[in-house]
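Next come the chains, spelled out residue by residue.
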Amino acid sequence: MADLQPHPLSASDPSHAPNTSVPNATSSASEQSSDAREPLVMQIVVRRDLFDKEKWGAGPLMAQAAHAATAVLHETRDRKETMDYLADLGNMRKVVLQTPDTTTLQKLSVLLSGAEPFPILHHIWTEQPENIPTCIALAPNRREKLIRKALDKSSCRLWRSD
């Protein structure tokens, strides 16, 4: 697998490159030290303003989430956590969250990329050719404290249909 490389949030690269820089397929220290009994989960964070203000339909937003989830699974396919997640199809867990707008989505990406001691693997999906960042999918993880903190600081909440 190629190393994940940094990718500016404003780039118009249609390849949708990942937003983290982590060598090879090793796990982060926080992943290694997390409670192995905690189930693996993927968080998918979608911009709420696209639904409320821009009037994007539920279908197009679901497609954006699917693009981001597929991309991060492909990019992290050699990680143990991703392999374990994909090996247990009947127990896959995903949570769809909302964040208010592009500013908070970009803030989340910065927080995840800057996490210490290692960046938190994620993919920000940018719709092309419009160059609109729409959502972020995190690689399968065990809900480490750093992830929960980044989600909270970025105003992420469970997606509500109301």
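Residues numbered from 1 in each chain as written. Predicted model: local features only at pLDDT ≥ 70, side-chain atom pairs only at ≥ 80, totals over all residues. Heavy atoms only, no water.

This next bit is on unusual backbone geometry. The omega angle of the peptide bond from Glu-116 to Pro-117 is 10°, so this bond is cis rather than trans. Residue Gln-128 is joined to Pro-129 through a cis peptide bond whose omega torsion reads 10°. Along the polypeptide, Pro-129 turns up in the loop between strand E3 (122–127) and strand E4 (132–138). Of note in this structure, Lys-55 is not a glycine but carries a positive phi near 60°. Position of Lys-55 among the secondary structure elements: in the loop between helix H2 (49–52) and helix H3 (58–75). Since its relative accessible area comes to 64%, Lys-55 is described here as exposed. (Helix = DSSP H or I, 4+ residues; strand = E, 2+ residues; numbered from the N terminus. Buried < 20%, exposed > 50% of the residue type's maximum accessible area, 1.4 Å probe, protein only.)

Take a positive patch on the surface next. Together, Lys-107, Lys-145, Arg-148, Lys-149 and Lys-153 make up a region of like positive charge exposed at the surface. With respect to the helices and strands, Lys-107 occurs in helix H5 (residues 102–113). (Patch = residues over 30% accessible without salt bridge, like charges linked within 9 Å, V, L, I, M, F, W, Y side chains within 5 Å. Areas by Shrake-Rupley, 256 points an atom, 1.4 Å probe, with all protein chains shown as cover. Salt bridge = Lys/Arg side-chain N within 4 Å of Asp/Glu carboxyl O. Lys, Arg positive; Asp, Glu negative; His and termini not counted. Charge placed at Lys NZ, Arg CZ, Asp CG, Glu CD.)

This part covers the layout of surface pockets. Space inside the largest pocket adds up to approximately 200 Å³. Here the lining of the largest pocket gets 4 residues from one element, more than from any other, and that element is H3. Here the lining of the largest pocket is composed, by residue class, of 8 nonpolar, 1 polar and no charged. (1 Å grid on protein atoms, 1.4 Å probe; cavity = no way out; pocket = protein on both sides within 12 Å on 5 of 7 lines; lining within 4 Å. Points joined across faces, edges and corners; volume = space filled by probe spheres on them. Nonpolar A, V, L, I, M, F, W, Y, C, P; charged D, E, K, R; others polar.)

With that out of the way, let us pick up the packing of H5 against helix H6 (residues 145–153). When two helices pack together, their arrangement is given by the angle between their axes and by how far apart the axes lie. In contact at an axis separation of 9 Å, H5 and H6 are set at 155° when each is read in the N-to-C sense. With respect to H6, the element H5 is oriented roughly antiparallel. Considering only the axes of H5 and H6, their crossing is right-handed. Residues Lys-107, Leu-108, Leu-111 and Leu-112 of H5 form the contact with H6, whose own contacting residues are Ala-150, Leu-151 and Lys-153. Each residue belonging to the contact of H5 with H6 can be placed in one class, and the counts come to 5 nonpolar, no polar and 2 charged. (Axes fitted to C-alpha atoms, helices over the stretch in contact; angles between N-to-C directions. Parallel < 35°, antiparallel > 145°, perpendicular 65-115°, else oblique. Left-handed = near helix turned anticlockwise from the far one by under 90°. Contact = heavy atoms within 4.5 Å.)

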